[in-house]
Amino acid sequence: MRARPIAFVALAFLAVADAAFAQPAECARERDEMLDTIRAHVWSSPDFTGGKMSDGVLAAMRSVPRQRFVPGGACAEGYADSPVRIGHGQTVSQPFVVAAMTELAAVAPAHTVLEIGTGSGYQAAVLSPLVSKVCTIEIVGELATGAALLLRELGYGNIHVRAGDGYRGWPECGPFDAVIVTAALGHVPPPLIEQLKPGGRLVMPVGEPGRTQRLTVLEKSATGEISERIVGLVRFVPFTRGRDQVP
Ligand code: SAH
């Protein structure tokens, strides 16, 4: 009976995958619609991700109860195809942009990832089942505290949240296989490039806050060379600087 062990292994794998990508019961219809909309954007905006979106990223998007990350917790607003205000003048990005940035970061299960701009904690939650460890920094103390509490309540055990200015990165949590910056600045902070491993990727909106920015993918080769490409135009809230730091 040769087939048996193979079937057993396959079932065991499915059980693990199910646990990591659990599907919340609430807002199921809205979440399905969000997934359809993301697929439509992938098709209609092929520049961003080359017309591709991996099954893992889609499964992660499907697994996160997005309504819990927006004020009010309504299904309609939670899964709408638009950014949502989360207080303190900040927003959680449109679902397609979160999915596209996750896809562009090319994450893998063994990866350690840094996010700058925790906000609601949603992008960190989407990364969580796809990687080994997520380190995320938020400059607004109340948002950092709120996100850390929610992520703990929802059982995201591999996310580390820190309050502070993310410009200098988080060397003790790294080095990083990928960095995602979710706030706009005119340049990529050099410390974030330093903390990127060889072969790593950084995804960030580069440009003036208040206007459209260039969604940029920076890659560090195995030998340390840096290359950059622009994949599309986006609009993000400003990357602000801590009082103790040089602008
Ligand atoms: N990724 C978030 C949304 C980000 S909005 C989510 O999924 O909900 C951008 C966030 O970046 C805001 O919360 C803003 O306060 C934060 N931010 C801006 N400048 C920052 C900095 N220098 N360091 C860390 N966070 C910063």
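Up top you'll find the structure we're talking about.
Quick summary incoming for the structure in this document. (Residues numbered from 1 in each chain as written. Predicted model: local features only at pLDDT ≥ 70, side-chain atom pairs only at ≥ 80, totals over all residues. Heavy atoms only, no water.)

### Observations regarding the overall build of the protein chain
Reasoning step 1: A tally of regular secondary structure across the protein chain gives nine helices and nine strands.
Reasoning step 2: Looking at the 247 residues of the protein chain, the share that counts as buried comes to 48%.
Reasoning step 3: Contacts in the protein chain between residues far apart in sequence, at least 24 positions, make up 55% of those at least 6 positions apart.
Reasoning step 4: When the accessible area of the protein chain is evaluated, it comes to approximately 12,100 Å², of which 57% is carbon and sulfur surface. (Helix = DSSP H or I, 4+ residues; strand = E, 2+ residues; numbered from the N terminus. Buried < 20%, exposed > 50% of the residue type's maximum accessible area, 1.4 Å probe, protein only. Contact = heavy atoms within 4.5 Å. Areas by Shrake-Rupley, 256 points an atom, 1.4 Å probe, with all protein chains shown as cover.)

### What about the sheet that holds strand β7 (residues 196-206)?
Working definition: the strands of a sheet are paired by backbone hydrogen bonds and lie parallel or antiparallel to each other.
Reasoning step 1: Ordered in space as β5-β4-β3-β6-β7-β8-β9, the seven strands form an open sheet in which the pairing is mixed. Two strands bound the open sheet, and with one partner strand each, they are β5 (159-163) and β9 (226-234). Sheet twist, expressed as the average angle between the axes of neighbouring strands with direction ignored, equals 15°.
Reasoning step 2: Strand direction decides the pairing type here: strand β4 (residues 133-138) and β5, joined by five bridges, are parallel. (Pairing = 2+ DSSP bridges. Axes fitted to C-alpha atoms, helices over the stretch in contact; angles between N-to-C directions.)

### Description of the site of the ligand
Reasoning step 1: Surrounding the ligand, one finds 26 residues, the nearest of these being Ser 120, Glu 138, Asp 165, Gly 166 and Thr 240.
Reasoning step 2: In the model, a nitrogen atom of the ligand is placed 3.2 Å from a nitrogen or oxygen of the Ile 139 main chain.
Reasoning step 3: The contact in question runs from a nitrogen atom of the ligand to an N or O atom on the side chain of Thr 182, over 3.2 Å.
Reasoning step 4: The protein chains hide 99% of the 580 Å² of surface that the ligand would expose on its own.
Reasoning step 5: Listed by contribution, the elements that provide at least two residues to the shell around the ligand are β2 (90-92), β3 (112-116), α7 (122-127) and β4.
Reasoning step 6: In terms of residue count, β2 provides more of the shell around the ligand than any other element does, three residues in total. (Near = heavy atom within 4 Å. Polar contact = N/O pair within 3.5 Å; in protein donor to acceptor, adjacent residues only side chain to side chain.)

### Brief notes about helix α6 (residues 95-104)
Reasoning step 1: Burial analysis of α6 places ten of its ten residues in the buried class, which makes it a mostly covered element.
Reasoning step 2: Just beyond α6, the residue with positive phi is Ala 106, at close to 50°.

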